[in-house]
Amino acid sequence: MKAFAISRYKGPLEAMDVPEPLVGEYDVLIQVRAAGLNQLDEKIRTGEFKQILPYRLPLVLGHDVAGVVLGVGAKVQAFKVGDEVYGRPRTDSIGSFAERITVPEADLAMKPASIGFEEAGSLPLVALTAWQALVERGNVQPGQKVLIHAGAGGVGSIAIQLAKHLGASVATTVSASNIDFVRELGADTLIDYRNEDFEQRISDYDLVLDSLGGENLTKSLRVLKPGGKAIGISGPPDPAFAREAGLNPVLRLAITGLSAGVRRQAKKLGVSYEFLFMRASGEQLGRIASLVDGGTVRPIVGRVVPFEQTAQALQDIDKGGIRGKTVISGPDRVHLPGPVQAR
């Protein structure tokens, strides 16, 4: 089977032949029709997360998938051969930069019926991130004020739409060329980050979704009202994440130190900081699919590249300039595998 994988950290993403995926009793075998490209793929390639995500190499990358079910494990109940599905495979099941992938049933949902595979393939990681930040962690309520950084990006463009659906007033930071774009998504307060200081424009916000980290996160704490919350998806990771990830005591201590400064600053300001590393959830993707089919949320695909150009697309990810997501279009040919294998 053809796939794009890394054989060493900081090495190139390369096309290679890999074994057919094995299908466990709760797994679904999918013909990949589209796979979203994410910053997480590049961070794994460079080894940035190798301490907390200790993968065995070679490793097929790819965290978003949309495709057609080719086979199911003996105990799968929700899906059947021929179903059109989408999902964000859990940490130990990634690998959508391939012709086929197996994904646990619980991580999948039926693809929104109103959109194509490429749009569906753009959604899982960013939509789950937005949902878990705004609904689970933020508990956003009508009338609250939410700041979403990088509103034209993959997470930001979905988060703006979801926050508006929840009844919030939304501010966002973007380049001047994207002002009209995010206004169309529903943003109320538009801040040109190259020419304006958001800290001087807004205050007393209930929630900040920060995808940049560093000084941007520090300033974000200061625009929150007392009791407000900043949720970071670029770090630094916090002790709660270390516990949930089951990291060893040495790593837990190191991670506690990484976020100590920002947590101290938050406490002094009477606000809080949480790190979010989104988790796979087919149930949440089902709810997101309903929002898409109802016209509340629309996927933003800025670029589609053919499967053969996956490696180059990953190299280009840090160049920016893309609204929403870059999506890999799955191979045109459909190779049907042999019998489903149990593991």
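Everything discussed here concerns the structure shown above.
Rules and cut-offs
- Residues numbered from 1 in each chain as written.
- Predicted model: local features only at pLDDT ≥ 70, side-chain atom pairs only at ≥ 80, totals over all residues.
- Heavy atoms only, no water.
- Helix = DSSP H or I, 4+ residues; strand = E, 2+ residues; numbered from the N terminus.
- Buried < 20%, exposed > 50% of the residue type's maximum accessible area, 1.4 Å probe, protein only.
- Phe/Tyr/Trp six-rings, centres within 6.5 Å; stacked < 30°, edge-to-face > 60°.
- 1 Å grid on protein atoms, 1.4 Å probe; cavity = no way out; pocket = protein on both sides within 12 Å on 5 of 7 lines; lining within 4 Å.
- Points joined across faces, edges and corners; volume = space filled by probe spheres on them.
- Nonpolar A, V, L, I, M, F, W, Y, C, P; charged D, E, K, R; others polar.
- Contact = heavy atoms within 4.5 Å.
- Pairing = 2+ DSSP bridges.
- Right-handed = clockwise from strand over helix to strand, strands pointing away.
- Axes fitted to C-alpha atoms, helices over the stretch in contact; angles between N-to-C directions.
- Parallel < 35°, antiparallel > 145°, perpendicular 65-115°, else oblique.

Colleague: Which parts of the structure should I look at to understand unusual backbone geometry?
Modeller: Note: most peptide bonds trans; most residues except glycine with negative phi. Cis geometry marks the peptide bond from leucine 57 to proline 58, where omega comes out at 0 degrees. Within the secondary structure, proline 58 is located in the loop between helix H1 (39-45) and strand E4 (59-60). Backbone geometry places aspartate 204, a non-glycine residue, at a positive phi of 60 degrees. With respect to the secondary-structure elements, aspartate 204 resides in the loop between helix H6 (198-201) and strand E12 (205-210). Given a relative accessible area of 46%, aspartate 204 falls into the partly exposed group.

Colleague: Explain the packing of aromatic side chains here, please?
Modeller: In this description, an aromatic ring pair is defined by two values, namely the gap between the centres and the angle between the planes. Taken as a whole and judged by the stated rule, the model has four aromatic pairs. Considering the side-chain rings of phenylalanine 4 and phenylalanine 307, the 5.2 Å spacing of their centres and the 75 degrees angle between planes classify their relative orientation as edge-to-face. Of the two residues, phenylalanine 4 sits in strand E1 (residues 2-6) while phenylalanine 307 sits in the loop between strand E15 (301-306) and helix H11 (310-315), which places them 303 residues apart along the sequence. Taken individually, phenylalanine 4 and phenylalanine 307 each receive the classification buried, so the pair is uniform in this respect. Ring centres of phenylalanine 241 and phenylalanine 277 lie 5.9 Å apart, and the angle between their planes is 50 degrees; this geometry places the pair in the tilted category. Taken together, the residues span a long stretch of sequence, with phenylalanine 241 in helix H8 (residues 239-244) and phenylalanine 277 in the loop between strand E14 (272-275) and helix H10 (282-293) at a distance of 36 residues.

Colleague: Is there a simple way to think about the layout of surface pockets in this case?
Modeller: Sizing a probe to match a water molecule and rolling it over the atoms shows the empty space that remains. Computed from the structure, the second largest pocket encloses a volume of approximately 550 Å³. Lining the second largest pocket are 21 residues, and of these Pro21, Val60, Ile94, Gly95 and Thr102 sit closest to its centre. The set of elements that each furnish at least two residues to the lining of the second largest pocket consists of E4 and strand E7 (100-104). Here the residues of the lining of the second largest pocket are counted per class, giving twelve nonpolar, four polar and five charged.

Colleague: How do you make sense of the side chain of serine 329 when you look at a structure like this?
Modeller: Within the element layout of this structure, serine 329 appears in strand E16 (residues 325-329). We classify serine 329 as buried; its relative accessible area is 17%. With near-sequence residues (within four places) excluded, serine 329 lies in contact with Arg33, Glu118, Val304, Val305, Pro306 and Phe307.

Colleague: Before we go on, may I ask you to explain the environment of alanine 240 in this structure?
Modeller: Turning to its location among the elements, alanine 240 is positioned in helix H8. On a C-alpha basis, the gap between alanine 240 and glycine 62 in space is 26 Å, while along the polypeptide they are 178 residues apart.

Colleague: Please explain the sheet that holds strand E2 (residues 14-17) as it appears in this structure.
Modeller: For sheets, the rule is that strands pair by backbone hydrogen bonds, running either parallel or antiparallel. Sheet architecture is open: three strands sit in the order E2-E1-E4, paired in antiparallel fashion. Each end of this open sheet is capped by a strand with a single partner; those strands are E2 and E4.

Colleague: Help me understand the pairing of E12 in this model?
Modeller: On a regular strand, each side chain points to the face opposite its neighbour's, so the side chains alternate between the two faces of the sheet. Within E12, six of the six residues are buried, which leaves the element mostly enclosed by the surrounding structure. Where strand E9 (residues 145-148) and E12 come together, three bridges link them in parallel fashion. Among the inter-strand pairings, isoleucine 148 is bridged to a residue of E12, identified as leucine 209. Bridge analysis of E12 against strand E13 (residues 224-232) gives five bridges, and the strand direction is parallel. Bridge pairing in E13 links leucine 209 to isoleucine 231. Handedness of the crossover joining E12 and E13 through helix H7 (residues 214-222) is recorded here as right-handed.

Colleague: Teacher, can you tell me more about the pairing of E15 here?
Modeller: When E15 meets E16, the two strands line up parallel, connected through five bridges. Considered in E16, the bridge of valine 301 is made with lysine 325. What joins E15 to E16 is H11, and the crossover it makes is right-handed.

Colleague: Sorry, what's going on with the packing of helix H3 (residues 124-137) against H10 here?
Modeller: Angle between the axes and distance between the axes: these two values describe a pair of packed helices. Between H3 and H10, the shortest axis-to-axis distance is 10 Å and the interhelical angle comes to 95 degrees. One way to sum up the angle between H3 and H10 is to call them roughly perpendicular. Contacts between H3 and H10 involve Pro124, Ala127, Leu128, Trp131, Gln132 and Glu136 from the former and Gln284, Leu285, Arg287, Ile288 and Leu291 from the latter. The class makeup of the residues in the contact of H3 with H10 is seven nonpolar, two polar and two charged.

Colleague: I keep staring at the sheet that holds strand E10 (residues 169-174) and nothing clicks. Help me out?
Modeller: What the six strands build is an open sheet, ordered E11-E10-E9-E12-E13-E14; its pairing is parallel. Every interior strand has two partners, whereas the edge strands, strand E11 (189-192) and E14, have only one. Adjacent strand axes in the sheet meet at a mean angle of 15 degrees, parallel and antiparallel pairs treated alike. As defined by bridge partners, E10 adjoins E11 across four bridges and the pair is classed as parallel. The partner of threonine 173 across the bridge, within E11, is isoleucine 191.

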